[in-house]
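The lines below spell out each chain.
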Amino acid sequence: MKKIESFTVDHLRLNLGVYVSRVDQIGAETVTTFDLRMKYPNKERLDNGAIHTLEHLIATFVRNDEEFASRILYFGPMGCLTGMYLLVHGVYTSEEILPLLKRAFAFAADYNGELPGVSAIECGNYELHNLEGAKLEAAAYLEVLSHAGPENLNYPQ
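Computed from a prediction, not measured in an experiment: that's the story for all the values here.

Per the counting criterion, the structure on display carries 5 aromatic pairs. Measuring from ring centre to ring centre gives 4.8 Å for Phe-105 and Tyr-141, while their planes differ by 65°; the resulting arrangement is edge-to-face. Highlighted residues: Phe-105 in helix H2 (residues 94-109) and Tyr-141 in helix H3 (residues 131-146), separated in sequence by 36 residues. Each member of the pair, Phe-105 as well as Tyr-141, is classed as buried. Here the aromatic cluster, defined as three or more aromatic residues joined through ring pairs, consists of Phe-61, Phe-107 and Tyr-111. Taking NZ or CZ as reference, Arg-71 lies 4.6 Å from the ring centre of Phe-68, over its face.

A few words now on the layout of surface pockets. The calculated volume of the largest pocket comes to roughly 170 Å³. As for the largest pocket, its lining consists of 15 residues, of which His-11, Arg-37, Met-78, Cys-80 and Tyr-85 are closest to the centre. Looking at side-chain class alone, the lining of the largest pocket contains 7 nonpolar, 6 polar and 2 charged residues.

Before going further, it helps to examine the packing of helix H1 (residues 48-62) against H3. Where H1 contacts H3, the axes come no closer than 8 Å and their chain directions differ by 75°. Overall, the two elements H1 and H3 adopt an arrangement that is roughly perpendicular. Contacts between H1 and H3 involve Ala-50, Thr-53, Leu-54 and Leu-57 from the former and Leu-131, Gly-133, Ala-134, Glu-137 and Ala-138 from the latter. Grouping the amino acids of the contact of H1 with H3 by side-chain chemistry returns 6 nonpolar, 2 polar and 1 charged.

Moving on: the pattern of salt bridges. Counted by the stated rule, this structure contains 5 salt bridges. Taking the shortest distance from any N to any O, the salt bridge between Asp-24 and Arg-22 comes out at 2.6 Å. Taking relative accessible area as the criterion, Arg-22 reaches 33% and is therefore assigned partly exposed. Among the ionic pairs, Asp-65 bridges to Arg-103, the shortest N-O distance being 3.1 Å. Of the two residues, Asp-65 is situated in the loop between H1 and strand E3 (72-77) and Arg-103 in helix H2; the sequence distance between them amounts to 38 residues. Taken together, the shared-partner salt bridges connect Asp-65, Glu-67 and Arg-103 into one network.

An ideal rise of 1.5 Å per residue puts 21 Å on 15 residues; H1 measures up with 21 Å between its terminal C-alpha atoms. Across the 15 residues that make up H1, a large majority, 12, are buried. If you check which residues of H1 are buried, you get Gly-49, Ala-50, Ile-51, His-52, Thr-53, Leu-54, His-56, Leu-57, Ile-58, Ala-59, Phe-61 and Val-62. Taken together, the buried residues of H1 touch E3, strand E4 (83-89), H2 and H3. Where H1 starts, the residue carrying a side-chain oxygen 3.0 Å from the main-chain nitrogen of Gly-49 turns out to be Asp-47.

This next bit is on the packing of H2 against H3. Where H2 meets H3, the axes come as close as 8 Å, and the angle between the chain directions of the two elements is 150°. Our classification of the angle between H2 and H3 gives roughly antiparallel. As H2 runs across H3, the sense of the crossing is left-handed. Together, Leu-98, Leu-101, Lys-102, Phe-105, Ala-106, Ala-108 and Ala-109 of H2 and Lys-135, Ala-138, Ala-139, Tyr-141, Leu-142, Leu-145 and Ser-146 of H3 make up the contact between the two elements.

Definitions and cut-offs
Residues numbered from 1 in each chain as written. Predicted model: local features only at pLDDT ≥ 70, side-chain atom pairs only at ≥ 80, totals over all residues. Heavy atoms only, no water. Phe/Tyr/Trp six-rings, centres within 6.5 Å; stacked < 30°, edge-to-face > 60°. Helix = DSSP H or I, 4+ residues; strand = E, 2+ residues; numbered from the N terminus. Buried < 20%, exposed > 50% of the residue type's maximum accessible area, 1.4 Å probe, protein only. Lys NZ or Arg CZ within 6 Å of the ring centre and 35° of its normal. 1 Å grid on protein atoms, 1.4 Å probe; cavity = no way out; pocket = protein on both sides within 12 Å on 5 of 7 lines; lining within 4 Å. Points joined across faces, edges and corners; volume = space filled by probe spheres on them. Nonpolar A, V, L, I, M, F, W, Y, C, P; charged D, E, K, R; others polar. Axes fitted to C-alpha atoms, helices over the stretch in contact; angles between N-to-C directions. Parallel < 35°, antiparallel > 145°, perpendicular 65-115°, else oblique. Contact = heavy atoms within 4.5 Å. Salt bridge = Lys/Arg side-chain N within 4 Å of Asp/Glu carboxyl O. Expected span 1.5 Å × (residues − 1). Polar contact = N/O pair within 3.5 Å; in protein donor to acceptor, adjacent residues only side chain to side chain. Left-handed = near helix turned anticlockwise from the far one by under 90°.

Below is the structure:
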């Protein structure tokens, strides 16, 4: 079986940051997949409740963002619990998506109130949430995004 592209990234050298994971052509449409790496692979991981809360907050935020709402296809966690994936309609660079991510993670870091989509009717695991943990993780990742350089925006070679 052919190895998928994400398994060819050297996770031992991967920094925290935002990376273009893939750009796919689907018919006449293009989709950019971003790897939002929030934790160092094989060293750290996000808390299940915190990552679930971040998914609810940021997915809601980006799908309502004035500039990007109509282009957001997906926002959700990585199975390895070291970050998130963001899929956007169109071709974008890490630098071009940074303003949206900064807005979204600032929103999550400062969020107070009722979580969106958190009831047994709306969510399949509605009791698994950690707002305080999500806010801490969002603030930490916002710091990474705010000081991102080439080593945080391009996969290691």
